[in-house]
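Breakdown of the fold
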Amino acid sequence: MDPTNPAPLLFEPIFQERVWGGRGLESAVGKNLPAGKRIGESWEIVDRSEAQSIVRQGTWRGRTLHDLWTQHRREIFGDDFGDGARFPILAKLLDAHDRLSLQVHPPAAVAPSLGGEPKTELWFVVAAEPGAEIFLGLRAGVTREDFARALRQGTVADCAHRIPVRAGDAIFLPSGRMHALGAGVLIVEIQQNSDTTYRVFDWDRVGDDGEQRALHLEEALRSIDFADSEPGKIQPEGELLVRAPEFTVEKWPLPKPRRALERASAALFVCLQGAAALGGTELKAGDFFLVPAGCERGELEPRAERTELLRVTAPTR
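Cut-offs used in this document
- Residues numbered from 1 in each chain as written.
- Predicted model: local features only at pLDDT ≥ 70, side-chain atom pairs only at ≥ 80, totals over all residues.
- Heavy atoms only, no water.
- Pairing = 2+ DSSP bridges.
- Helix = DSSP H or I, 4+ residues; strand = E, 2+ residues; numbered from the N terminus.
- Axes fitted to C-alpha atoms, helices over the stretch in contact; angles between N-to-C directions.
- Disulfide = S-S within 2.5 Å.
- Buried < 20%, exposed > 50% of the residue type's maximum accessible area, 1.4 Å probe, protein only.
- Core = buried A, V, L, I, M, F, W, Y, C linked by side-chain atoms within 4.5 Å.
- Phe/Tyr/Trp six-rings, centres within 6.5 Å; stacked < 30°, edge-to-face > 60°.
- Lys NZ or Arg CZ within 6 Å of the ring centre and 35° of its normal.
- Salt bridge = Lys/Arg side-chain N within 4 Å of Asp/Glu carboxyl O.
- Arc of directions from axis to C-beta.
- Contact = heavy atoms within 4.5 Å.

What follows is about the sheet that holds strand S10 (residues 170–173). The six strands lie next to each other as S1-S2-S5-S12-S7-S10, forming an open sheet whose pairing is antiparallel. Of all the strands in the sheet, the pair left with one neighbour each is strand S1 (14–22) and S10. When strand polarity is set aside, the average angle formed by the axes of neighbouring strands in this sheet is 25 degrees. For strand S2 (residues 39–45) and strand S5 (residues 89–96), the ladder comprises four bridges, and the chain directions are antiparallel.

Okay, here's the thing in structure tokens:
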């Protein structure tokens, strides 16, 4: 890897049809969506057995993320991301045309006994319609017994803490925090490499097959943190949004050129607005790209006013 000619890795998106999805990824970030489909998610960086990111340009074109992770680990990723069997971060765009189910992801201490994987995540709101809201944690005073009773009575949505959101908000969701996106919200999601979700309530919605989607009530009751009362949005500390055991996320303004890496460890970027360039590669709003560990001298250059990026790195070890 030539540090004087840094080449970011861009991947083919993997579109996921969802009952709550729409066409917002087309209008908001220019994704070329399949016709006639309600696309709820675009998986931008993923290394799972059921879904695999493929490099779309450059030297590594056509290679999967898993190939790079297993065969070129140190060269591309450095040492900070650990030695797990798969790249530990999954990055997505979500378009909630309708509200998602109330749901929870199991904490690490509980997940193995349920046959699932823990999933801590961060949401960054790219766009939100006026009056948009999310469901985040529990209302003050709601106990496990109150919640179980509400499940039986069909009033569990009344137990959820609701907060308004707008573009630029960031929300941290540790495993165990009940949550849902409300309608009219488009986000970047940075998460652990997991796909375990336990649905608590789905608004009595009927899918394309005419049936209601399955709920996972026992698993959810074991996973929800019932001490998680009325959490709020992230209050940034300068550029830092969150430093968690799973990942560190910063929001970078880019008024002038800036070195992409602080050390020989890869970083994942999301161009939120404006445009940037790195090593001759032009990057636009909505692009997710990985800067390899060997490109520690490469600089990101702004190509538009008010360019902003998310930067995702492994936790400092």
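There is more to say after this.
Enumeration over the complete set of coordinates arrives at zero disulfides. Among the cysteines around Cys-295, which has no disulfide bond, Cys-271 carries the closest sulfur, lying 18 Å off. According to the relative accessible area criterion, Cys-295 is buried, its value standing at 0%.

Turning our attention to the nonpolar core. Counting 40 residues, the largest nonpolar core has Phe-77, Val-188 and Val-249 as the members making the most contacts within it. One finds Ala-157, Met-178, Phe-201 and Ile-224 within the second-largest nonpolar core, a separate group that totals 21 residues.

When we look at a pair of aromatic rings, we describe it by the centre distance and by the angle of the planes. Within the structure shown, the criterion is met by nine aromatic pairs. Ring geometry for Phe-81 and Phe-87: centres 5.3 Å apart, planes at 45 degrees, overall tilted. Among the residues examined, Phe-81 registers a relative accessible area of 6% and is labelled buried. When the centroid spacing of 5.5 Å and the interplanar angle of 70 degrees are considered together, the rings of Phe-147 and Phe-226 count as edge-to-face. Of this pair, Phe-147 sits in helix H5 (residues 144–153) while Phe-226 sits in the loop between helix H6 (217–223) and strand S14 (240–243); the two residues are 79 residues apart in sequence, bridging distant segments of the chain. Judged by relative accessible area, which is 0%, Phe-147 ranks as buried. Chaining the aromatic ring pairs together yields one cluster made of Trp-69, Phe-77, Phe-81 and Phe-87. The residue whose ring lies beneath Arg-73 is Trp-69, and the NZ or CZ to ring-centre distance is 3.8 Å.

Counted according to the given criterion, the structure contains 27 salt bridges. With its nearest N and O atoms 3.3 Å apart, the salt bridge here joins Glu-41 to Arg-18. Taken as a pair, Glu-41 in strand S2 and Arg-18 in strand S1 lie far apart in primary sequence, 23 residues in all. Looking at Glu-41, the relative accessible area reads 7%, which means it is buried. Of the residues examined, Arg-18 reaches a relative accessible area of 22% and is grouped as partly exposed. Between Glu-189 and Lys-92 there is a salt bridge whose closest N-O contact spans 3.6 Å. One end of the pair, Glu-189, is in strand S12 (residues 185–192); the other, Lys-92, is in strand S5, with 97 residues separating them in the sequence. The residues Glu-189 and Lys-92 share a single accessibility class, namely buried. Within the structure, one salt-bridge network assembled from shared partners comprises Arg-18, Glu-41, Lys-92, Lys-119 and Glu-189.

Considered for burial, the residues of H5 that qualify are Phe-147, Ala-148, Ala-150 and Leu-151. Projected onto a plane normal to the axis of H5, the buried residues spread over an arc of 160 degrees and lie on a single side. Seen from the buried face of H5, the exposed residues on the opposite side, beyond 90 degrees, are Glu-145, Arg-152 and Gln-153. Contacts made by the buried residues of H5 are with strand S8 (133–138), strand S13 (198–201) and H6.

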